[in-house]
Amino acid sequence: MSLGASWQRREVGGQTQLFLLGDWRVAHLDGLLKRFDWRRESQGCAVIALNELEAGDSATLALLMEWTQVQESRGMTLQIRGISQPLQELVALYRLQDMLHIDHD
């Protein structure tokens, strides 16, 4: 597992998706978020893809909740794809199913 975290914007099936890469647990987020501008990086993104996420925790979910709210304020629904079983369990534990739009396909 790498200690780094990053992101990539990619076109998938004609849709812009933001892929989170690496380790997005709280211990690593501070430095990453200092370089990340959600308003710029997310332009046109309606999907966050977690397929390549190596690790995540409640801090990751907090970011996803914040980004969901930002997109909703813009009139967009943010879909979350490729969520790992551990993160799904945290979503259930914190009862975030109604707030986070998770695509289970």
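Above this text is the structure in question.
Note that the structure is predicted; figures quoted are calculated from it, not measured.

1. Re helix α3 (residues 58-73)
If you check α3, its first and last C-alpha atoms are 23 Å apart, about what 16 residues at 1.5 Å a residue would give, namely 22 Å. The complete set of buried residues in α3 reads Ala59, Thr60, Leu61, Leu63, Leu64, Trp67, Thr68, Val70 and Gln71. The N-cap residue of α3 is Asp57: its side-chain oxygen and the backbone nitrogen of Ala59 are 3.0 Å apart. Following α3 by one or two positions, Gly75 adopts a phi angle in the positive range, close to 85 degrees.

2. What to know about the packing of aromatic side chains
As enumerated under the stated definition, the model contains 0 aromatic pairs in all. Cation over ring: Arg10 sits above Phe19, and NZ or CZ is 4.1 Å from the ring centre.

3. Overview of unusual backbone geometry
The phi torsion at Arg95 lies on the positive side, around 55 degrees, for a residue other than glycine. For Arg95, the location among the structural elements is in the loop between α4 (85-94) and β6 (101-103).

Procedures and definitions
Residues numbered from 1 in each chain as written. Predicted model: local features only at pLDDT ≥ 70, side-chain atom pairs only at ≥ 80, totals over all residues. Heavy atoms only, no water. Helix = DSSP H or I, 4+ residues; strand = E, 2+ residues; numbered from the N terminus. Expected span 1.5 Å × (residues − 1). Buried < 20%, exposed > 50% of the residue type's maximum accessible area, 1.4 Å probe, protein only. Polar contact = N/O pair within 3.5 Å; in protein donor to acceptor, adjacent residues only side chain to side chain. Phe/Tyr/Trp six-rings, centres within 6.5 Å; stacked < 30°, edge-to-face > 60°. Lys NZ or Arg CZ within 6 Å of the ring centre and 35° of its normal.

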